[in-house]
Every structure is written in structure tokens, then in C-alpha cells.
2 protein chains.
Amino acid sequence: MAANARFYAAFNTKDFAAMEALWARATPVACIHPGWNALEGREAVLESWQQILENPQQPKIVSGAESATVLGEAAVVVGRELVSGSPIATTNGFVLEEGEWRMFLHHASAVAALG
Amino acid sequence: MAANARFYAAFNTKDFAAMEALWARATPVACIHPGWNALEGREAVLESWQQILENPQQPKIVSGAESATVLGEAAVVVGRELVSGSPIATTNGFVLEEGEWRMFLHHASAVAALG
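Heads up: these notes are all about the structure in this document.

What counts and how
Residues numbered from 1 in each chain as written. Chains lettered and ligands numbered in written order. Predicted model: local features only at pLDDT ≥ 70, side-chain atom pairs only at ≥ 80, totals over all residues. Heavy atoms only, no water. Contact = heavy atoms within 4.5 Å. Salt bridge = Lys/Arg side-chain N within 4 Å of Asp/Glu carboxyl O. Helix = DSSP H or I, 4+ residues; strand = E, 2+ residues; numbered from the N terminus. Buried < 20%, exposed > 50% of the residue type's maximum accessible area, 1.4 Å probe, protein only. Expected span 1.5 Å × (residues − 1). Arc of directions from axis to C-beta.

1. Concerning the interface of chain A and chain B
Often, the extent of an interface is quoted as the loss of accessible area upon association of its parts.
No. 1: The partner chain B presents 31 residues to the 31 residues of chain A that form the contact.
No. 2: Along the contact surface separating chain A from chain B lie two salt bridges.
No. 3: Note that Glu40(B) and Arg80(A) form a salt bridge whose closest N and O atoms lie 2.8 Å from each other.
No. 4: Here the element with the most residues in the side of chain A that touches chain B is strand β6 (residues 100-110) of chain A; it accounts for six residues.

2. So, the side chain of Thr69(A)
No. 1: By the element assignment, Thr69(A) lies in strand β3 (residues 61-71).
No. 2: According to the relative accessible area criterion, Thr69(A) is buried, its value standing at 13%.
No. 3: Excluding residues that lie within four positions of it along the chain, Thr69(A) makes contacts with Ala74(A), Ala75(A), Val76(A), Thr27(B) and Pro28(B).

3. Some thoughts on helix α3 (residues 42-54) of chain B
All names here are of chain B.
No. 1: A rise of 1.5 Å per residue sets the reference length of α3, with its 13 residues, at 18 Å; its end C-alpha atoms lie 18 Å apart and thus fit the reference within 8%.
No. 2: Here α3 has its buried residues at Val 45, Leu 46, Ser 48, Trp 49, Ile 52 and Leu 53. Angular distribution of buried residues about the axis of α3 spans 155°; they occupy a single face of the element. The outward face of α3, more than 90 degrees from its buried face, is lined by the exposed residues Glu 43 and Glu 54.
No. 3: Looking at the buried residues of α3, the elements they touch are α1 (2-12), α2 (16-22), β1 (30-32), β2 (39-40) and β6 (100-110).

Structure representation (C-alpha cells):
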């Protein structure tokens, strides 16, 4: 949950260095932004974050309703986001690397109707 | 990968019993269908699958381009699906329970443009 909070803090402060530090080094990473195809590999994923964080039009994210499941050295947080008032459902995956929870997965998708 | 294949086999043969057997018992489960909000808990998730599998209009899924990451007793498969020709990006999560890989997470989202 702390790593998940660091993700949204990095996003909302447009702190690319913090975002870069958060993503896993040793574990293969993947990221699916809303409406995007899957990006795989650290380089492609971080390039997408750099573009997003550098975009002055990018609105902040309000995140909430998170539930975390820890499975040994992996953890998954399912949650919700609001971006400019639009609802998004998210899956964030974390892995223990060098004693730190690092992100290896972010999957965000638009919710067509609130359930 | 075998568990992931079982998921698509259960889907395409509309075999609810196989789908039910595939989902984890001891681990909290979550499922995000394309455009849906997150469903959490075995009951809500399986109810959604029952509705989907009972729907005679539900087209089959062509799945592919999968990559699996195993993190101890958890595994994540990022992949693609085609449903009636529409591209979907997916994250499927599995957990080892009683020596079996069981699904605890399915997140599928429409891809607006092929990347």
C-alpha cells in the first residue's frame, strides 16, 4: 500500500525520477494505460511515463478504494482512480526487490458505467 | 501458461464448472471486464462469469502474445485477446493453491488503437 501511494505521489508531482526508481529492475515489467496496448519492458514503460509526466495537460489522479493482496514476494493492489472526473479501474503489481516493493505492473482501464 | 490456457478453454467452451474450479479459493480474487468497474470477491466474480458464459451472443476469444512472469507462488500473464475482431489487453494473475495454479485476477480492457 505504501508503494502504491508512492506511485500516485510520483504521478501527481510529475516526478519522473521517483517514478523511475519505483519500477522494478530485475523483474520484467508491463504497463497498460487506458485504451493502450500492453507496453512491455522497462524502457518502453518508462518512456510512456516520461511522456505522460511531461504533458502539461495531464490532469492529476484521485485514487482510492484500494485492496491489496500480498502473495509472498509479490503483491497486487486493485483500486479505482478518477482522472478529470472519469472513473478508471486499476491493477497495480509490486514485487520485493532488494527489500523494497517495486512496481512491475500497472493496468488501468476506463470504466464505461459505474457499477 | 497452462493455467492461462485453461482459462481461455473454459471461456471458449462456456464451461462454467471449469471456470469455477480455476478461480482461487483461499486468495482474494478480483476481475475487471472491459469497461466494467472492479468486481471483488469470489461470489461477485463467478456470478459475472456465469452471466457471460450463459450469454448465447458472447463471442469466443482468440488469445495470444502472452508473456508470463513467475514470482514465487504468484504469476502474472500479460497478453492480448481478440473478441469479435476487437483488440483487448489483458492481465491474468495466478496463485499456487494446493499445488495448482489458480486465477486470482483477470483485468481486460479495450485497446483504442493498435500500438
